[in-house]
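Structure assessment
One-letter residues, chain by chain:
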Amino acid sequence: MTATETRPEQGEREIGRERRRKEDQRLITGRTRWTDNIVLPGMLHLAMVRSPFAHARILSVDTEAARGATNVVDVLSGADLADTQGVLINAWPITPDQKTPTHLPVAIDRVAFAGEIVAVVVARTAAEARDAAELVDVEYDVLPPALDLKEAAAADADNGGPLAHPDLGTNKSAHWVFDSAEAGTGGDVEEAIRQARTDGIVLEREYRQQRLIPAFMEPRSTVVDPTGEQLTVWSATQIPHILRFALAATTGIPESKLRVIAPDVGGGFGGKLQTTPEEWITVAVARRLSRPVKYTETRSESLMAGHHGRDQWQKLTLAATKDGTVTGLKVELLADLGAYVSLVGGGVPVLGAFMFNAIYKFPAYHFGVQTVLTNKTWTDAYRGAGRPEATFAIERLMDELAAEVGVDPLAIREQNWIKHEEFPFTTVAGLEYDSGNYEAATARAKELFGYDELRAEQQRRRDSGDPVQLGIGVSTFTEMCGLAPSRVLGSLDYGAGGWEHASVRMLATGKVEVVTGASAHGQGHETAFSQIVADRLGVPFEDVEVLHGDTAISHKGLDTYGSRSLVVGGEALVKAVDKVIDKARPIAAHLLEASADDLEYRGGRFAVRGTDQGMGIAEIASAVFAAHNLPDGVEASLDSDATFDPVNFNYPHGTHLCAMEIDTETGALHMRKYVCVDDIGNVINPLIVAGQVHGGLVQGIAQALWEEAVYDDSGTLVSGSFVDYLLPTAADTISFEVDHTTTPALTNTLGTKGVGEAGTIASTPAVVNAVVDALRPWGVHDVAMPCTPERVWRAIQGADKGGSTTGAAAPHFDAATGMEGTVDRTTGGTDA
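Residues numbered from 1 in each chain as written. Predicted model: local features only at pLDDT ≥ 70, side-chain atom pairs only at ≥ 80, totals over all residues. Heavy atoms only, no water.

Relative to the 18 Å expected for 13 residues at 1.5 Å per residue, helix H8 (residues 277-289) spans 18 Å between its end C-alpha atoms, a close match to the ideal helical length. Counting buried residues in H8 gives 10 out of 13 residues, a clear majority hidden from the surface. Taken together, the buried positions of H8 are Pro277, Glu278, Glu279, Trp280, Ile281, Thr282, Val283, Ala284, Val285 and Ala286. After H8 finishes, the residue Ser290 shows a positive phi value of roughly 55°. (Helix = DSSP H or I, 4+ residues; strand = E, 2+ residues; numbered from the N terminus. Expected span 1.5 Å × (residues − 1). Buried < 20%, exposed > 50% of the residue type's maximum accessible area, 1.4 Å probe, protein only.)

What follows is the structure, given as C-alpha cells:
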C-alpha cells in the first residue's frame with residue numbers, strides 16, 4: 001500500500017452509501033459495446049422472413065428472386081437448416097404429462113403464430129438482407145387460429161374448435177395444482193367456503209391480466225464468430241451461462257467449444273430471459289458458412305416476436321367470517337402460453353401459486369392453473385413473473401372484502417396480516433417468511449401519504465357531488481424472490497439450480513478483480529458489488545473491478561432474473577472475500593512473526609493485538625506474488641471462489657398508496673399522489689434502490705393505465721408499434737415519494753432482500769384499487785386493465801349508481817375444463 005492510497009475508515013462504510021454507478025459514465029456517453037455495435041471482418045447480416053398468418057401450413061418457400069438480389073449470399077428455409085438448426089428448449093415442464101409442441105427455430109411444415117420465422121436471408125449488409133427478405137415467396141394454407149383463451153381451453157379434437165397444434169388433439173398443456181389440505185400446510189378450502197356460505201362471507205371475482213410486452217430499450221441482437229478455436233456468441237441476453245448450456249445441449253456443439261458473451265445489455269425485464277430462435281439461427285448460419293454473422297431485430301420484430309408476458313384469466317373465491325377474518329382462498333387460473341412452451345413460461349403461474357395468500361393468514365388454500373396453447377406469440381417471464389399477477393388478484397379482493405364488511409381497506413388488511421412478532425411464519429402455501437414488519441411500513445406510508453386527510457377530502461367530494469372524484473388505492477405486498485434454493489426448484493421440476501458463483505482475485509498491485517456469475521443489464525452490479533467488496537475486504541472502492549457476462553471469464557453462473565443478483569450472487573461474493581481473508585491470515589502471521597490467533601482483520605489490515613504491528617492486504621498480495629517468504633505448505637495465491645445456494649427464498653414487502661382523481665363526466669384519470677414504503681432489508685446503495693423502485697413503479701402503473709398487447713380476429717398483433725402499444729414517458733407520470741423501513745433478512749449475511757421487481761408487483765393493484773375506490777359510489781366494482789378513460793366512462797354509464805346487485809350471477813370458469821358457468825356473488829356491481 002502506498003502512502004497516498006485511501007481506504008474507508010471505521011464508520012465510513014461503503015454499504016449504505018449513495019454512490020453513483022460506475023457503469024453510467026460509459027453507458028450515457030455512448031462509450032459502450034452493445035451487441036449491435038460489434039463489427040467483425042467479413043461479417044454477414046441476417047434478415048428473417050416471418051409468417052403474416054397466426055396459423056397456417058407452409059406449402060412452399062420460393063427463394064429464387066431473393067437469391068438474385070444485390071449482395072445476397074444465401075437464402076435458407078427451415079428444410080435447408082433441418083439437420084443443423086437444433087430446437088428450442090423448455091426448462092420447466094410443470095407436470096409429467098405436460099404437452100410441449102416442438103419449437104424449431106425456423107418452421108418447416110407449419111407456423112403457429114404471426115411472426116414465426118419461415119426463412120432467413122444472408123447478405124453483406126442488414127439493409128440488403130431486409131430488402132431481399134421481401135422477395136421470398138411463401139405459399140400458405142391458412143388454418144383457423146386458436147386465439148381466445150377461454151375458447152382455446154374448451155376446444156379439443158372431440159368437441160371441436162381451433163387447435164393451436166392439431167397433432168396434440170388439445171390446447172391444454174398442463175394442469176398444476178396445490179392444495180393446502182393435501183400438502184399438510186392448511187385446511188380444506190371447500191369446507192371453509194361451505195362454512196362461510198352458511199354464516200360468513202363468500203366473495204367470488206374474476207380478473208383479467210392482459211397481455212404485455214417487455215419493450216426493453218435495446219432490441220435483441222446476436223453476433224456469432226465461428227472462425228476461432230471456440231465458437232463465440234455475443235448476445236443481448238440476461239442469461240449467457242444458460243444460453244451456452246442450451247446451445248450445447250441442442251446443437252451438438254461441445255460446451256467447451258462455446259463462448260457466450262453478454263456485453264452491455266440495454267434492459268431486459270424478463271424479455272431477455274429467453275433462448276430465442278434468432279440465436280439458434282445465427283449460430284446455424286455462421287457454422288454453415290464459416291463466416292461471422294450478425295442479426296439485430298427491428299423494433300416491430302421485437303414487439304411481435306419477442307416473448308410477451310402476463311395474459312391470464314383469474315377466478316378467486318374468498319371465504320371469511322362476517323367481521324372480515326379470512327378463512328379460505330381458492331384460485332383457478334387460465335394461463336395463455338402462446339404458441340409454444342417457452343424456457344420457463346409454464347412455470348410463471350406456478351411461481352405465483354405461492355403468493356396469492358400474500359401477507360395474510362389464510363387457514364386453507366387451493367390453487368389450480370391450466371396452461372393453454374394459442375396461436376399468439378409465446379409468453380414467459382415479465383418483470384415479477386407470476387408474483388405481480390398474484391398480488392394484483394389478492395389485493396383487489398382484499399379491497400372487495402373491506403367494502404363488503406364496511407371497513408377501511410387498510411383495516412381489513414391489518415386484521416388479517418402476519419404480525420411482526422409472529423416471524424418467522426410458515427404460510428398456508430408452505431413457505432417460511434423469515435422476517436418482516438408490515439405494521440411499520442404501513443404506518444410510514446400513511447404518514448407520507450397524508451392518508452387520513454385524503455380520506456376526509458374524498459368524503460367531502462362525495463358529499464358535495466363533485467364531478468371529479470378522488471379514489472385511494474392500497475397495496476400491501478410481499479414477494480418471494482432471489483430465485484432459489486436448488487432443492488426447492490428441483491421439487492418443482494425446474495431444470496436448473498438456484499445457486500450462484502463468485503470469484504475474488506487479488507492482484508499483485510493490491511487491486512481486486514471480482515468475477516460474478518450474475519449478468520447485469522442495467523441493475524448497477526458493478527457499483528453495488530464493488531461496495532460490498534470494499535467494505536468486506538477493506539480496500540478502496542475504486543480499486544475493485546467487477547467482471548461479468550462472459551463465460552470465458554465467468555466460467556460458472558446462473559445469471560440474472562428473479563431479483564437474485566444481490567441476495568444470491570452477493571452472498572457468494574461475501575463468501576469468496578472471506579476466503580481471501582482466511583488465506584491471507586497465516587501468511588500475515590508468518591510475515592509479522594506472530595500467531596494467527598493474535599491477528600485481527602479490520603479496515604483492510606491485519607494487526608497484532610496489543611501492538612502497533614500490522615500489514616495491509618495489498619502488502620500481503622504483493623508478498624504472495626513474489627512468493628519469496630511464504631509459510632511452508634501455503635500456496636502462492638489469495639484468489640478464492642465460492643458458490644452460494646440459499647436455503648430459502650427472500651421476502652421483501654411494502655405498502656403502496658395511490659390517489660387518483662377521476663372526472664366522472666369524461667372518464668379522464670389523473671394520478672395525484674403515489675407513496676411507497678418498501679422493506680428490502682439492509683440497503684447497499686440507496687441511489688440504486690430508488691432507481692429500481694421508480695422504474696418498477698412506472699412499469700406496474702403502465703399495466704394499470706396504458707399497456708396492452710391486442711390481437712385482431714385473424715391473430716395479427718395490432719399493437720405492434722409504439723404508436724399503438726402505449727409506453728409511458730416521464731411526462732405521463734408524477735414524482736413518486738419513496739421510502740423504506742428495514743427488517744434484515746435472516747437468510748444471508750448481508751441481511752438484504754430483493755428490490756428489482758418490488759415496484760412492479762405492488763403498483764398495479766394500488767392504481768386499480770384507487771380507480772375502483774373513486775367509482776364505488778356508482779356501484780362499480782371492477783374496471784378491466786388498462787383502465788383507459790373510455791373504459792372508466794363506460795363503467796360509470798353502465799353502473800347502477802349507489803345501488804347494490806347482491807346475489808347477481810357472475811361468469812366464471814373452471815381452470816381444469818375451461819368451461820364457463822355462474823356462481824352467486826356475495827357483493828355485486830358492474831364489472832367493466
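Read on, since the account is not over.
All right, on to the sheet that holds strand S21 (residues 544-547) then. Taken together, the 4 strands give an open sheet; going across it, the order is S21-S20-S19-S25, and neighbouring strands pair in mixed fashion. Edge positions in the sheet fall to S21 and strand S25 (640-644), since each has one partner strand and no second. Ignoring which end each strand starts from, the neighbouring axes of this sheet average 20° apart. Bridge analysis of strand S20 (residues 512-516) against S21 gives 4 bridges, and the strand direction is parallel. Note on S21: the bridge partner recorded for Val514 is Val546. (Pairing = 2+ DSSP bridges. Axes fitted to C-alpha atoms, helices over the stretch in contact; angles between N-to-C directions.)

What follows is about the nonpolar core. Of all hydrophobic cores here, the largest spans 98 residues; its most connected members are Trp176, Leu318, Leu329, Phe356, Phe367 and Tyr674. Ignoring anything within four residues of it in the chain, the contact list for Leu318 reads Ile201, Val202, Leu203, Val326, Gly328, Leu329, Phe362, Leu397, Met398 and Leu401. Counting residues in hydrophobic clusters, the runner-up holds 43 residues, among them Ala502, Val533, Phe606 and Ala621. (Core = buried A, V, L, I, M, F, W, Y, C linked by side-chain atoms within 4.5 Å. Contact = heavy atoms within 4.5 Å.)

In this structure, Asp336 sits in strand S14 (residues 326-338). A distance of 2.7 Å separates a polar atom in the side chain of Asp336 from the backbone nitrogen of Gly338. Those residues in contact with Asp336 that lie beyond four places of it in its chain are Leu147, Leu149, Arg211, Asp311, Val372, Thr374, Lys376 and Thr379. (Polar contact = N/O pair within 3.5 Å; in protein donor to acceptor, adjacent residues only side chain to side chain.)

With that settled, consider the domain arrangement of the protein. Assigned domains of the protein: these are domain 1 (2-32 + 495-644) and domain 2 (386-418 + 434-480 + 651-705 + 732-831). Counting residues at the interface gives 23 residues for domain 1, matched by 18 residues for domain 2. Joining domain 1 to domain 2, the criterion identifies 0 salt bridges. Counting across the interface, domain 1 meets domain 2 through 6 residue pairs in polar contact (both at pLDDT 80 or more). Every element with two or more residues in the side of domain 1 that touches domain 2 is listed here: helix H16 (525-537) and helix H17 (565-592). Classifying every residue of the side of domain 1 that touches domain 2 by side-chain character gives 7 nonpolar, 8 polar and 8 charged. (Domains from an automatic or database assignment. Salt bridge = Lys/Arg side-chain N within 4 Å of Asp/Glu carboxyl O. Nonpolar A, V, L, I, M, F, W, Y, C, P; charged D, E, K, R; others polar.)

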